[in-house]
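Survey of secondary and tertiary structure
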Amino acid sequence: MTNVTRLFDFPYYQLENKPNPKALVTKYDGKWTPMSTEEYLDKANAVSRALLKLGVQKNDKIAVISSTNRTEWNIMDIGVLQIGAQNIPIYPTICAEDYEYVLNHSESIYCFVSDKEVLEKVKKVQGNTKLKEVYSFDKIEGCKHYSDLFELGKDVSTQNEVEARKENVKPEDLATIIYTSGTTGRPKGVMLSHWNITSNALDASKRLPKIDEDTRILSFLPICHIFERVLIYIYQYAGTSIYFAEALDKIGDNAKEIKPHLMSVVPRLLEKVFDKIMLKGEDLTGIKKALFFWAVSLGEQWQPYRKNGGWYEFKLKIANKLIFSKWREALGGELGTMVSGSAALQPRLARIFGAAGMQVMEGYGLTETSPVVSVGMYKDNHYKVGTVGKPIDNVEVKIADDGEILIKGPNVMMGYYKDPEKTAEVMTEDYFHTGDKGEIDADGFLKITGRKKEMFKTSGGKYIIPTLLENDLKQSLFIEQVMVIGEGEKMPGAFIQPNFDFVRDWIELKGHKIGSSEQEISSSEIVINRIQKEVDKYNKKFGKWEQIKRFELTPEAWTIDAGHLTPTMKIKRSVIREKYDALYEKIYRP
């Protein structure tokens, strides 16, 4: 039996123990096309043989850039890793200049891209890199197709060389360099070994509900990010069928088609799903509308493990039959669990989706910790709303005197590539300094309380934790994004990006004479006054020194492409502060 100690051991373990005719499933030309475990490995081995013919040596770097998750990414991953080379995943949405930086910093010699748009960005900078060739997953005129490698590697007589290379890959060897999407400066290359990620996948897998070859997974979070990538290895270990969504805006359609049992999410996505549900609720009338909002109100009070008692559970059964069942149908009808990571989840959403029978297991981790540190699990009372669960096996969490979360374990990175100084800054002996602040409660649950660097003092010397205010304000249907400001100023303020879609519907419903452009909405006194009511409502939860005294609405949506957000949907504080300097001055120096 395969002993799983390196990343490419996962599919071999599946082949030996749980071979699946639908191991990886991607939609091509409108049709879901499955690939069996056996074919997956046959193709990965052909890729390995081809790369050897191309002269790829141990520790050479191969870049992979894909706009969507797809079968080809996984074939390349195994094909590259099992010959001792490293897979360098790159976020597709970063600019061409950042492509150039990552390709050069990693010294990648080959690059595999998903489509024409990514290819164009790579072509712009290719001449300034060490790339010998670029291959594409889509068929694109003038670009070599990745299937050329199957032809090049079809001679199986060289498989013994692949086997020898595999044998020489040790668990402690470098597997991948993941360039963090950092909110400031150049991305850092996080070096993760085979054992960093493998140990994390094996330890984190115990926290998932029972999954096997009959389980359908919908995968859509970027696989270039370690969160989704480690889950993909876990799914392969369990022998599940992994369906790769066509695009973010097709998740609903794809879910209806494949009826997933499990998927991973980021809080921003859940917020958007919930906003759409609420918009539909607003359109209802009479008894239907009353029932809808009764069910939502009931959901907001939900507690796990039937803690609210029999009468609550009786009412919840009615709400499930009349309202929540329709929510589940919209996501395929069989979704029981969502794993949430990357940012803080509003407890309200955890409760509402939990009440609706789609439990959200919130986790915590960083790229530098491969990534899982802790995660909730419904069984064995390992779940508590408002926390990120308990630390997984073999991972030690320590809270420093200043409240910072420190991590020790086999999942802690090898270091930052070519940057021993930055590595030394975040390590104290075996402990990694996360930069996050947190606390562990009496039951052993970890709670994140903020970012160490993001805390600031007002001129009155009072500490402000922006994320606490921001997460509460984002519960408002009128607010899409918010960034709390005011370091060194007399009071906290905020930049607020309205939820333009919801506000447009609200304007129409109320019959207000306001234009529908983002500029017109953000400058409307009617909209500003309505959002002021939302701010007043959420301010009540905080001390007077913490409350948002003034805010300005931004005249555009915050997006990854425009640079407001990182690829994992975190706000880039320094970028947003700079972009809206005029609004800042308006708040503090009117």
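In what follows, the structure referred to is the one given above.
The paragraphs below set out a description of the structure included in this document. Keep in mind it's a predicted model, so treat the numbers as computed, not measured.

Side note on the overall build of the chain
The helix and strand tally for the chain stands at 21 helices and 27 strands. The C-alpha radius of gyration of the chain comes to 25 Å, within 12% of the 25 Å expected for a compact globule of 590 residues. C-alpha atoms of the chain, sized along the principal axes, occupy 75 × 55 × 50 Å. Out of the 590 residues in the chain, the part that is buried amounts to 57%.

Examining the environment of Ile448
Relative to the elements of secondary structure, Ile448 occurs in strand 22 (residues 446-451). Take Ile448: its relative accessible area is 29%, and that puts it in the partly exposed class. Expressed as a C-alpha distance, the spacing of Ile448 and Gly332, which sit 116 residues apart in the sequence, is 32 Å. When neighbours within four sequence positions are excluded, Ile448 is seen to be in contact with Tyr364, Val388, Ile405, Lys437 and Gly438.

What to know about the sheet that holds strand 13 (residues 337-340)
Read across the sheet, nine strands follow the order 2-1-11-10-12-13-14-15-16 without closing on themselves; strand pairing throughout is mixed. Looking along the sheet, the strands with just one partner apiece sit at the ends: strand 2 (31-35) and strand 16 (390-391). Sheet topology places strand 15 (residues 372-375) next to strand 16; two bridges connect them, and they run antiparallel. The partner of Ser374 across the bridge, within strand 16, is Pro391. Contacting strand 12 (262-265), strand 13 and strand 14 (359-365), helix 11 (residues 267-283) crosses the sheet at an angle of about 105° to strand 12.

Notes on the environment of Trp294
Tracing the sequence through the fold places Trp294 in helix 12 (residues 286-299). Assessed through its relative accessible area of 32%, Trp294 is described here as partly exposed. In this structure, the C-alpha to C-alpha distance between Trp294 and Ala319, residues 25 residues apart in sequence, is 8.1 Å. The residues contacting Trp294, other than those within four sequence positions of it, are Lys315, Ile318 and Ala319.

Here's the deal with the packing of helix 1 (residues 9-17) against helix 9 (residues 226-238)
The N-to-C vectors of helix 1 and helix 9 enclose an angle of 20°; their axes lie 7 Å apart at closest approach. Classified by the angle between their axes, helix 1 and helix 9 sit roughly parallel to one another. As helix 1 packs across helix 9, the resulting crossing turns out to be left-handed. The residues of helix 9 that touch helix 1, namely those facing Phe10, Pro11, Tyr13 and Gln14, are Tyr233, Tyr235, Gln236 and Tyr237. Residues that form the contact of helix 1 with helix 9 fall into these classes: six nonpolar, two polar and no charged.

Quick notes on unusual backbone geometry
With an omega of -10°, the peptide bond running from Ser370 to Pro371 counts as cis. By the secondary structure assignment, Pro371 is in the loop between strand 14 and strand 15. Despite not being glycine, Asn381 shows a phi value in the positive range, around 55°. Among the structural elements, Asn381 can be located in the loop between strand 15 and strand 16. Residue class for Asn381 comes out partly exposed when judged on its relative accessible area of 49%.

Focus on the sheet that holds strand 25 (residues 479-485)
With mixed pairing, three strands are arranged side by side in an open sheet as 25-26-27. Taken across any chain shown, the strands that pair with only one partner, and hence form the sheet edges, are strand 25 and strand 27 (550-553). Strand-to-strand twist of the sheet, defined as the mean angle between neighbouring strand axes without regard to direction, takes the value 25°.

Some remarks on a nonpolar patch on the surface
There is a patch of nonpolar side chains on the surface, built from Trp294, Trp311, Phe314, Ile318 and Leu322 and spanning about 510 Å² of accessible area. Tracing the backbone shows Phe314 in helix 13 (residues 310-330). For Phe314, a relative accessible area of 46% corresponds to the partly exposed category.

Digging into the packing of helix 2 (residues 37-53) against helix 3 (residues 71-81)
In the contact formed by helix 2 and helix 3, the axes pass within 8 Å of each other and the chain directions differ by 50°. Classed by the angle they form, the pair helix 2 and helix 3 counts as oblique. Here the hand of the crossing between helix 2 and helix 3 comes out right-handed. Here Tyr40, Leu41, Lys43, Ala44, Val47, Ser48 and Leu51 of helix 2 come into contact with helix 3, specifically with Asn74, Ile75, Met76, Ile78, Gly79 and Val80. In terms of residue class, the contact of helix 2 with helix 3 is made up of nine nonpolar, three polar and one charged.

Some thoughts on helix 4 (residues 96-106)
Buried within helix 4 are the following residues: Ala96, Tyr99, Val102, Leu103, His105 and Ser106. Contacts from the buried residues of helix 4 go to strand 3 (61-65), strand 4 (86-89), strand 5 (108-113), helix 5 (116-126) and strand 8 (174-179). Positive backbone phi, approximately 60°, marks Glu107, located one or two places after helix 4.

Side note on helix 9
For helix 9, which comprises 13 residues, the first-to-last C-alpha distance of 18 Å matches the rise-based estimate of 18 Å (1.5 Å per residue) to within 8%. For helix 9, the buried fraction is high: 12 of the 13 residues fall into the buried class. For helix 9, the set of buried residues is Ile226, Phe227, Glu228, Arg229, Val230, Leu231, Ile232, Tyr233, Ile234, Tyr235, Gln236 and Ala238. Where helix 9 ends, the next residue or the one after it, Gly239, has phi of about 80°, a positive value.

What counts, and where the lines are drawn
- Residues numbered from 1 in each chain as written.
- Predicted model: local features only at pLDDT ≥ 70, side-chain atom pairs only at ≥ 80, totals over all residues.
- Heavy atoms only, no water.
- Helix = DSSP H or I, 4+ residues; strand = E, 2+ residues; numbered from the N terminus.
- Rg over C-alpha atoms; globule rule 2.2 N^0.38 Å.
- Buried < 20%, exposed > 50% of the residue type's maximum accessible area, 1.4 Å probe, protein only.
- Contact = heavy atoms within 4.5 Å.
- Pairing = 2+ DSSP bridges.
- Axes fitted to C-alpha atoms, helices over the stretch in contact; angles between N-to-C directions.
- Parallel < 35°, antiparallel > 145°, perpendicular 65-115°, else oblique.
- Left-handed = near helix turned anticlockwise from the far one by under 90°.
- Nonpolar A, V, L, I, M, F, W, Y, C, P; charged D, E, K, R; others polar.
- Patch = residues over 30% accessible without salt bridge, like charges linked within 9 Å, V, L, I, M, F, W, Y side chains within 5 Å.
- Areas by Shrake-Rupley, 256 points an atom, 1.4 Å probe, with all protein chains shown as cover.
- Salt bridge = Lys/Arg side-chain N within 4 Å of Asp/Glu carboxyl O.
- Expected span 1.5 Å × (residues − 1).

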